[in-house]
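Each chain, written out:
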Amino acid sequence: MYAELKILAGCQRQLLRAGAPAYTGASQTTPRNLPVRTFAAVKTLKKDKKEDPAKEEKKEERVIDDTNRHKPYGKTAWAPVDDVYIMRYYPRTIYDIAEAIDMLKNFQMLDFTPHKQPVYIDLRLNMKLEKKKKVDPFVSTVHLPHPFKTEMNKVLVFTEDANQAKVAQENGAAFAGGVELIQQILDDEISADFYVAVPDILTKLVPLKNKLRKKFPKSKRDSVGINIPKMLELFKTGHEYMVESDCYVRTQIATLDMPKEQILANLQTILIDVCSHRPANMGPFIERAIIASHTSEALWFKNEDLLPKPVEKKEE
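Residue numbers restart at each chain and count upward from 1, following the sequence in its written direction. pLDDT decides what is reported in this predicted model: residues at 70 or higher carry local features, side-chain atom pairs at 80 or more are listed and counted, and totals for whole chains, interfaces and linings draw on all residues regardless. Note that water and hydrogens are dropped before the side-chain values are worked out from all heavy atoms of the structure.

A. Spotlight on helix α7 (residues 260–275). Secondary structure elements are taken from DSSP: a helix is a run of H or I of four residues or more, a strand is a run of E of two residues or more, and numbering for both begins at the N terminus. To estimate how far a helix should extend, the number of its residues minus one is multiplied by 1.5 Å. An ideal rise of 1.5 Å per residue puts 22 Å on 16 residues; α7 measures up with 23 Å between its terminal C-alpha atoms. The buried label applies to any residue whose accessible area, calculated with a 1.4 Å probe on protein chains only, is under 20% of its type's maximum; exposed applies above 50%, and partly exposed to all values in between. If you check which residues of α7 are buried, you get Ile263, Leu264, Asn266, Leu267, Ile270, Leu271, Asp273 and Val274.

B. Inspection of the sheet that holds strand β7 (residues 239–244) at higher detail. A sheet is described by the order of its strands in space; here seven strands give the open sequence β1-β10-β9-β2-β8-β7-β3, paired in mixed fashion. The strands lining the two open edges of the sheet, one partner per strand, are β1 (94–95) and β3 (139–142). Any two strands with at least two DSSP bridges between them are considered paired. Across two bridges, β1 lies against strand β10 (residues 299–301) in parallel orientation. Residue pairing for β10: Ile94 is matched across the bridge by Trp300. Whether two residues are in contact is decided by their heavy atoms, any of which lying within 4.5 Å being enough. Whenever a helix is involved, its axis is fitted only over the stretch in contact; in every case the axis is a line through C-alpha atoms, and angles between N-to-C directions fall within 0 to 180 degrees. With respect to the sheet, α7 is in contact with β2 (118–125), β3, β7, β8 (248–255), β9 (286–293) and β10, its orientation differing from that of β8 by roughly 155°.

C. Looking closely at the nonpolar core. Here the nonpolar core consists of buried residues drawn from Ala, Val, Leu, Ile, Met, Phe, Trp, Tyr and Cys, with membership extended through side-chain atoms lying within 4.5 Å. Formed by 39 residues in total, the largest nonpolar core has its most connected members in Ile97, Leu123, Leu125, Ile253, Leu267, Ile291 and Leu299. For this core, the elements supplying multiple residues, two or more each, are α2 (97–111), β2, β7, β8, α7, β9 and β10. When sequence neighbours within four positions are dropped, the list of residues in contact with Leu125 reads Phe138, Val243, Cys247, Val249, Val274, Phe285, Ile286 and Glu287. Among the nonpolar cores identified, the runner-up in size contains 25 residues, and Ile190, Ala197, Leu232 and Phe235 belong to it.

D. Representation of the side chain of Arg221 within the structure. Counting through the fold element by element, Arg221 comes out in the loop between α5 (209–212) and α6 (228–237). Under the counting rule used here, the positive set is Lys and Arg, the negative set is Asp and Glu, and His together with the chain ends is not counted. One side-chain nitrogen of Lys or Arg within 4 Å of one carboxyl oxygen of Asp or Glu is enough to make a salt bridge. The side chain of Arg221 is buried and forms no salt bridge, while Glu240, the nearest opposite charge, is found at 5.8 Å. Residues within four places of Arg221 in sequence aside, it is in contact with Val139, Arg213, Lys214, Lys215, Phe216 and Phe235.

E. Molecular detail of the packing of aromatic side chains. For Phe, Tyr and Trp, rings pair up if their centres lie within 6.5 Å, where Trp contributes its six-membered ring, and each pair is then called stacked (planes under 30 degrees apart), edge-to-face (over 60) or tilted (otherwise). Throughout the structure, instances matching the rule amount to four aromatic pairs. Their ring planes at 85° and their centres at 6.4 Å tell us that Phe138 and Tyr241 sit as a pair that is edge-to-face. A residue pair is termed long-range when its members are at least 10 positions apart, and Phe138 in the loop between β2 and β3 and Tyr241 in strand β7 qualify at 103 residues. The two residues Phe138 and Tyr241 agree in class, both being buried.

This is the structure:
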């Protein structure tokens, strides 16, 4: 055993002499100082330096006119031949609104889904104005010719006049009062779907701005005025919609069990009210319109037929 250990130690010494550098007077555990390689620093670019605008080339968007083409650019054909096809190979079908509503009713019958289900629209608006200005996102309330809600909206009227409060109660207001209602609203003791006010009390309602937010009475939304019966008539049965995500309007317009004529009338009322928030001479306000029921697929439809046509000025 001792002989074997002696031979092994001799082999290790031989390997150290042959394959490793000789160290004199230094321990094997002493750390070695490796050479450090230095690199040149990258020159930083000056952020304040502006490039000459004349040198910048503006890339113009390529507009392709498919009017006289045998097929749309990048597509297989104008319309598919078979019943089953890949949608991205063909241009999207845009239906007439009457045909789209009939298709929604047929989907409901084929899928055995509930007959009374909501019908929604999704509009994308062109919010651009002149000189890089945009239309501010808005909230609007319209009176639909054929309401689909079974219950009336709860309306609260702010007024400090006892006679006006009495008129409000007689015309169906859920609550009517002055500043004494502020604390009850902040404590969530009372709430309403809409809040209207007379101009005299508006400055005293500032503590409710953060609480009510978009429901806070404003003259732009016709929720501030002296004609209380008229405001109550609008907001008790009115339908509210708003612009979401800067340029989209998503709202319910009817239920699928309603006749097609009533759905069309409600849709036309909302489209006309939406387009009233932008000057007509700026071009079409609605860029894209979609209609769908709660359980159906989305259908693109033409909205131009439902809007009043601009009057052409006769040249004298």
